Amino acid sequence: MSSKSLTLRNISKRFGNVKALDNFNLEVGVGELVALLGPSGCGKTTALRVVAGLEHQDSGTVLVGEKNISDVPAHKRNMGMVFQAYSLFPNLTVEENVAFGLQMRKVSKHVRLKKAHELLDLVGLDSQSKRFTHQLSGGQQQRVALARALAFEPEILLLDEPLSALDAQVRVNLREEIRRLQLSLGTTTLFVTHDQEEAMAISDRVGVMNNGVLEQIDTPDALYNKPASSFVAGFVGTMNRIPAQITDGMVEIFGSKVVALKRGNESGKVHALIRPESISVVATTNQGNAKVLTRSFMGASSNIICQTEDGTIVQSLMTSSSTGDLHPGSSVQLRVLSSEVLVANV
Amino acid sequence: MAKGIKIKFHPPLAITLLILGFFVFIPMLSAFEYSIRTPLTGGYGWDHYLWAIREEDFFHYILRSMWLAGVTVLITLFVLVPTLTWLHLSNSKVRGLIDGLSLLPLVIPVVAFAVGAQISFPEFVQNTVLELPFLYFVLALPYAFRSLDIGLNSIPLKTITEAARSAGANWLRTITTIIVPVIRGSVMATIALTFALSLGEYTLTVLLHWDTFPTWVTYVAQENILGAIAISMMSLIIPFLILTIITLFVPERSTQGRK
């Protein structure tokens, strides 16, 4: 079965007094991988569960391709799902787990086991097919869960924080594997995560959610460089918020004037939103405009935390080779590297 | 090299074995010893067992009790597994209420229960022996409920249920192919408890004027006490054998490492 597009229209869902989704809209194109990113309780998992049919929306429509599946029960939706917690069936072997979806679709044993082995081969676990799931590591279990979700060729693949229970190195490897498989099979995928690095690394587009609404959905590059709201700016990556004053469309930061990029009616006292890599820190023997608090070496780059004369904490990310003379307590000169900065009301 | 078996002295285990020995094993051994006595010769023999087997009612009543117990087991599993699964998944406040209600058969005297049933049940229900499995189900409820409850508590029920459903399993398939096999230990314990309780139930049966194996044994005891003991000893072995066969025939699948 070929992959289909996914559309959520005006979905609302409440749990008691809590509004988990508030007129939520989302479109995922055929073969696209879209991540939903946001803090705990923002509604991203609820959105995924509504798509899966594991929660029923209070109002709104879910479309797969042109077909309205809003009231279709979960087991008839033809969606593969990988869960955050290990969800393999402990009474079945690895190959039986992978073949389970095909068994439910009354595919013959020979065909479903052949398909299960193909999928296990794709995730590098064919040699483990006769084992029981408790004999596998966490990473292997999630690989099997991925194979199980893909074995019956779902129209949509749903990933509910599938990497969050894994070790750091396994997470990086598995996320690359998920992307490789998703691209090779062309499966439309909705991926929920609270880890922005994960979301940015493998997604075609990332949707940032807050309080049940989609604040912005865009490519990782656009999301990082052109955040549509103060929340997105603060949530995606690290952002310095430096107090400044708008005068004639310009803001003065660290003694230099730069163009203020407004998104609304920002005026007067504002916060200039500047990424750490857009701030340079230069050691000075004279009276600088800040002092170094800490320098964290991270290999190719170093993270420098400074404090300005007015007490503002400023973070800078620089190549390590240019930070050798920056020590805690050093007097430094901060400078904005970009000619224009986003501003937000205080 | 094989390790020698070391038996350590554990006071709680020793106390448990002592109580079991004193109140279960010694009386049973004594009953067995009594049942193989041959008073005429003053020795031992299998006369009473052979007499019991030759009694034509022996197989009639043991089979009747066994199929009634089997029906009770089916009712118990059909009613309780889906109900408890729903109670666990829904996190409903009703769960506490049902939990409390399931204990009621322990505190309601069986006599009151039987009289109540006779007064309230319509005639067509009282006319069929099939009223017994439903009443036995109620009597077994406190034990069956807890046994299944513990099993469902010990597995990640929500996750595996949702995984099964998203993979295409409807509720029936989810319960039969995933949930029941995963809590196999609890299901087997429920079957054993319900089967044994139904097979041995006497008071309710006799008060409702039905004849089953336990009521027949009591009747036999009036004319041949040694024969009745021999029958009772055999009635212990038969369900044990059946439960062992069930255990052997249900395929053993690994459910270790579940969270």
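Look above for the structure.
Everything in this summary refers to the structure shown in the same document. (Residues numbered from 1 in each chain as written. Chains lettered and ligands numbered in written order. Predicted model: local features only at pLDDT ≥ 70, side-chain atom pairs only at ≥ 80, totals over all residues. Heavy atoms only, no water.)

### What about the overall build of chain A?
Alright, step 1. Scanning chain A from N- to C-terminus turns up eight helices and 20 strands.
Alright, step 2. Considered along the principal axes of its C-alpha atoms, chain A spans approximately 80 × 45 × 35 Å.
Alright, step 3. Looking at chain A as a whole, 53% of its 346 residues are labelled buried.
Alright, step 4. Long-range contacts, defined as pairs at least 24 residues apart, comprise 66% of the intrachain contacts of chain A with a sequence gap of at least 6.
Alright, step 5. If you sum the accessible surface of chain A, you get close to 14,900 Å²; carbon and sulfur atoms cover 49% of it.
Alright, step 6. Separation between the mean location of the 35 positive side-chain charges and that of the 34 negative ones in chain A comes to 5 Å. (Helix = DSSP H or I, 4+ residues; strand = E, 2+ residues; numbered from the N terminus. Buried < 20%, exposed > 50% of the residue type's maximum accessible area, 1.4 Å probe, protein only. Contact = heavy atoms within 4.5 Å. Areas by Shrake-Rupley, 256 points an atom, 1.4 Å probe, with all protein chains shown as cover. Lys, Arg positive; Asp, Glu negative; His and termini not counted. Charge placed at Lys NZ, Arg CZ, Asp CG, Glu CD.)

### Some points on the packing of helix H3 (residues 56-90) of chain B against helix H11 (residues 184-200) of chain B
All names here are of chain B.
Alright, step 1. At a closest axis distance of 8 Å, the pairing of H3 and H11 adopts a crossing angle of 140°. It follows that H3 is oblique to H11 by the angle criterion. Handedness of the crossing formed by H3 with H11: right-handed. Taking contact as the criterion, the partners of Ser65, Met66, Ala69, Gly70, Thr72, Val73, Thr76 and Leu77 in H3 are, on H11, Val187, Thr190, Ile191, Thr194, Phe195, Ser198 and Leu199. (Axes fitted to C-alpha atoms, helices over the stretch in contact; angles between N-to-C directions. Parallel < 35°, antiparallel > 145°, perpendicular 65-115°, else oblique. Left-handed = near helix turned anticlockwise from the far one by under 90°.)

### Things to note about the sheet that holds strand S13 (residues 256-261) of chain A
Alright, step 1. The five strands are arranged S11-S12-S13-S20-S14 (chain A) in a closed barrel whose pairing can be described as mixed. Between one strand axis and the next, the sheet turns through 50° on average, direction left out of account. (Pairing = 2+ DSSP bridges.)

### Observations concerning the layout of surface pockets
Alright, step 1. There is about 730 Å³ of room inside the largest pocket.
Alright, step 2. Taken together, 31 residues line the largest pocket, and the ones lying closest to its centre are B:Ile175, B:Thr176, B:Thr177, B:Val180 and B:Pro181.
Alright, step 3. Within the residue set of the lining of the largest pocket, elements represented by two or more residues are helix H2 (94-104) and helix H3 (109-122) of chain A together with H3, helix H10 (171-182) and H11 of chain B.
Alright, step 4. If one sorts the elements of the lining of the largest pocket by residue count, H10(B) sits on top with eight residues. (1 Å grid on protein atoms, 1.4 Å probe; cavity = no way out; pocket = protein on both sides within 12 Å on 5 of 7 lines; lining within 4 Å. Points joined across faces, edges and corners; volume = space filled by probe spheres on them.)

### Some remarks on the side chain of B:Asn224
Residues and elements named next belong to chain B.
Alright, step 1. Along the chain, the position of Asn224 falls in the loop between helix H13 (213-221) and helix H14 (225-249).
Alright, step 2. The class of Asn224 is buried, set by a relative accessible area of 18%.
Alright, step 3. Residue contacts for Asn224: discarding those within four places in its chain leaves His48 and Trp51.

### Here's the deal with the packing of H2(A) against H10(B)
Alright, step 1. Following both chains from N to C, one finds H2(A) and H10(B) inclined at 150°, their axes separated by 13 Å at the closest point. The pairing of H2(A) with H10(B) is recorded here as roughly antiparallel in orientation. Crossing angle aside, the handedness with which H2(A) passes H10(B) is right-handed. Residues A:Phe100, A:Gln103 and A:Met104 of H2(A) pack against B:Arg173, B:Thr177 and B:Ile178 of H10(B).
Alright, step 2. Grouping the amino acids of the contact of H2(A) with H10(B) by side-chain chemistry returns three nonpolar, two polar and one charged. (Nonpolar A, V, L, I, M, F, W, Y, C, P; charged D, E, K, R; others polar.)

### Details of the sheet that holds strand S3 (residues 33-37) of chain A
Residues and elements named next belong to chain A.
Alright, step 1. Spatially, the six strands line up as an open sheet ordered S6-S7-S8-S3-S9-S10, and their pairing is mixed. Because the sheet does not close on itself, it has two edges, and the strands there are strand S6 (79-82) and strand S10 (213-218). Strand-to-strand twist across the sheet, computed as the mean angle between neighbouring axes with direction ignored, equals 20°.
Alright, step 2. The sheet contact formed by strand S9 (residues 205-210) and S10 spans five bridges and is antiparallel. Counterpart to Val208 in the pairing with S10 is Gln216.

### Considering the interface of chain A and chain B
Alright, step 1. Taken together, the contact between chain A and chain B spans 27 residues of the former and 24 residues of the latter.
Alright, step 2. Of the roughly 2,200 Å² buried between chain A and chain B on both sides combined, carbon and sulfur atoms contribute 60%.
Alright, step 3. Contact with chain B buries surface across chain A, with A:His75, A:Pro90 and A:Asn91 losing the most and accounting together for 27% of the total.
Alright, step 4. Linking chain A with chain B are one salt bridge, by the criterion used here.
Alright, step 5. The salt bridge partner of A:Arg49 is B:Glu162, with a shortest N-O separation of 2.5 Å.
Alright, step 6. At the surface where chain A touches chain B, the tally comes to three residue pairs in polar contact (both at pLDDT 80 or more). (Buried area = accessible area lost by both parts, 1.4 Å probe. Salt bridge = Lys/Arg side-chain N within 4 Å of Asp/Glu carboxyl O. Polar contact = N/O pair within 3.5 Å; in protein donor to acceptor, adjacent residues only side chain to side chain.)

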